[in-house]
Amino acid sequence: MPKRTGVEKTKLKTEILPTVAIKETPIYDPEALLKSLVYTVPSWVSSIERTATETDYKEITQAVRLSLKQALQRLAETAQTMIEILEETTYE
C-alpha cells in the first residue's frame, strides 16, 4: 500500500468524519440553578445526617467544632433567605 501524503490524509479524514458544528449555546432555562439545588441539597442533608450519627464528638477539636458550626450557620441563613424568596415570589 503506498504512503499517503499529508494532503491526501487530510482529504481522507474530511471525507470520512462527519462535520461537527461548533457547540451551540443551550436554550436558556430560568429554573436551571434551582433544579441544580433540588438535586444537590439531598446529598448535603445525607452527609450532615451521616456525620451527626457517626462522629465521636469527644475526639473533635474546638477549632473543627467552631469551623463547622460557622459553616452550618451560614448554610442555615442562606437556606432561610432562599425559603423567604420562594415564599414571597408570586406567579403572574
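Residues numbered from 1 in each chain as written. Predicted model: local features only at pLDDT ≥ 70, side-chain atom pairs only at ≥ 80, totals over all residues. Heavy atoms only, no water.

Caption draft 1: Focus on the overall build of the protein. Scanning the protein from N- to C-terminus turns up three helices and zero strands. When the helices and strands of the protein are placed in sequence order, the string is α-α-α. Considering the protein as a whole, with its 92 residues, one finds that 0% of them fall into the buried category. For the protein, the exposed area adds up to about 9300 Å²; of that, 61% sits on carbon and sulfur atoms. (Helix = DSSP H or I, 4+ residues; strand = E, 2+ residues; numbered from the N terminus. Buried < 20%, exposed > 50% of the residue type's maximum accessible area, 1.4 Å probe, protein only. Areas by Shrake-Rupley, 256 points an atom, 1.4 Å probe, with all protein chains shown as cover.)

Caption draft 2: Quick peek at the pattern of salt bridges. Applying the stated criterion across every chain yields a total of two salt bridges. Residue Asp29 is joined to Lys35 by a salt bridge in which the shortest nitrogen-to-oxygen separation is 3.3 Å. One salt bridge in this structure joins Lys35 and Glu31, with 3.8 Å as the shortest N-O distance. Since its relative accessible area comes to 38%, Lys35 is described here as partly exposed. By relative accessible area, which is 45% here, Glu31 ends up partly exposed. A network of salt bridges, in which partner residues are shared, links Asp29, Glu31 and Lys35. (Salt bridge = Lys/Arg side-chain N within 4 Å of Asp/Glu carboxyl O.)

Caption draft 3: Structural view of helix H2 (residues 32–54). For H2, which comprises 23 residues, the first-to-last C-alpha distance of 34 Å matches the rise-based estimate of 33 Å (1.5 Å per residue) to within 8%. Of all the bends found along H2, the most pronounced is centred on Thr40 and spans about 30 degrees, while Pro42, a proline, follows it within four residues. (Expected span 1.5 Å × (residues − 1). Bend = angle between axes of the 7 residues up to and from the residue.)

Spatial relationships are all this shows, so hold off on functional conclusions.
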